[in-house]
Amino acid sequence: MVGEGGQGIRPLGWVTPGPLQQLTGGYLYDARIVDGLRVRGWPVGVLDIRAGGWPLDLAAGRRLAAGLRHAHWSSVVVDELAHPALAAAHLTGRLRPALRGTPLILLVHHLRCSEPGPWHGRALARMVEGLVVRTADLVVCTSETTARTVRPLTRRGIQTAVVRPGWDTHEGLSGRANPDGEVNLLLVGHWTPRKGILDALAALQRTGLGVTLDLVGEQDRDPAYAARVWAALRAPDLKDRVRVHGRVSAGMLRRRFSEADALLLPSSHEGYGMVLAEALAAGLPIVATRVGAVPEVVRGGQEAELVQPGDVGALARAIERLARSPDERHRRAALARERAASLPTWSDSILAFERLLQAVAAPSATRQAG
């Protein structure tokens, strides 16, 4: 039996481009859904194909095809981060023979063609991602914003569903008036242009000295951008105001949430922004950019103030308004917890994903029985 209401008899396959246990949004989503399905009785096999090339990863595509050939899965979920491998396997004719009729489910956090950048780069991304999306029997998106970009690329009759990430309860200390008058901002994100680290530092330079920033996130995703961040951190007016933590454990991340007064997320695009939901659960007021699915998660003018991406002045003013008023932080902290209660928990997300898998697995089980 697969799942409490499962239909298949073979394990579910889950393909990732790297080790599953990583503290970044996409991998966290995968790990929570996989763990939750296992608890509910689904045997899940994880295939790490070590993908990294763009737009096509031929070596990872061969590993994907080989893994699919040797597996006996009822259906297979491929994370969008493995798009280059999936595209390569499809273009080289290896994908369909390796699947042998196994339903293919594509998980999409967001599409690269949705990110800002040169038109030719977005056009190439749309071409590759459209090719990949059309191979799927079901597409699961993590936000309605992402689903709107995916639906025009799918084959006729293919379902595009939305299963949003969940959240965990945090015992935050948000909105407090620190005895020393300092306001601690938290920014969780890897050091890439999309996360707006440089904008955050530039905005911090325009605020009062009582505002500090904790940076949590991987620093090796984009070495050129990371070098620019390190150079910016050497500015004299940022001395002792920014604490760099790098990659941290789940326990340490919880500690960072508990010690923060507000969350800062100046991204240029977000397919959902799982850290926003975690911040809401911790009762943290939020300063973020109005991009992608961010307005799906937080309400501008209530628990969050949203500014346009790249507007460093507006970002600094939003931070200053929050820093000047403990009462405003307390008010928005209460609104944050209220908003969190309206968002799905991880249990909700796992159950929603399970229902989709059951619908896909049922025809597969029928084919096996026949």
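Structure: see above.
Residues numbered from 1 in each chain as written. Predicted model: local features only at pLDDT ≥ 70, side-chain atom pairs only at ≥ 80, totals over all residues. Heavy atoms only, no water.

Here we look at the pattern of salt bridges
If you walk through the whole model with that rule in mind, you get 17 salt bridges. Residue Glu-296 is joined to Arg-164 by a salt bridge in which the shortest nitrogen-to-oxygen separation is 3.3 Å. Highlighted residues: Glu-296 in helix α11 (residues 294–297) and Arg-164 in the loop between β6 (159–162) and β7 (183–188), separated in sequence by 132 residues. For Arg-164, a relative accessible area of 32% corresponds to the partly exposed category. Glu-218 is paired through a salt bridge with Arg-221; the nearest N and O atoms lie 2.8 Å apart. (Salt bridge = Lys/Arg side-chain N within 4 Å of Asp/Glu carboxyl O. Helix = DSSP H or I, 4+ residues; strand = E, 2+ residues; numbered from the N terminus. Buried < 20%, exposed > 50% of the residue type's maximum accessible area, 1.4 Å probe, protein only.)

Focus: the environment of Pro-193
You can see Pro-193 is positioned in the loop between β7 and α7 (197–205). Expressed as a C-alpha distance, the spacing of Pro-193 and Gly-41, which sit 152 residues apart in the sequence, is 40 Å. Setting aside anything within four residues of it in sequence, one finds Pro-193 in contact with Asp-222, Tyr-225 and Ser-268. (Contact = heavy atoms within 4.5 Å.)

Some words on the packing of aromatic side chains
What the rule picks out here adds up to three aromatic pairs. With 5.4 Å between their ring centres and 35 degrees between their planes, Trp-14 and Phe-353 make a pair best called tilted. Residue Trp-14 is found in strand β1 (residues 12–16), and its partner Phe-353 is found in helix α14 (residues 346–369); the two are separated by 339 residues along the sequence. Taken together, a centroid distance of 6.0 Å and an interplanar angle of 70 degrees make the contact between Tyr-29 and Trp-346 edge-to-face. In this pair, Tyr-29 sits in helix α1 (residues 25–39) while Trp-346 sits in helix α14, placing the two residues 317 residues apart along the sequence. (Phe/Tyr/Trp six-rings, centres within 6.5 Å; stacked < 30°, edge-to-face > 60°.)

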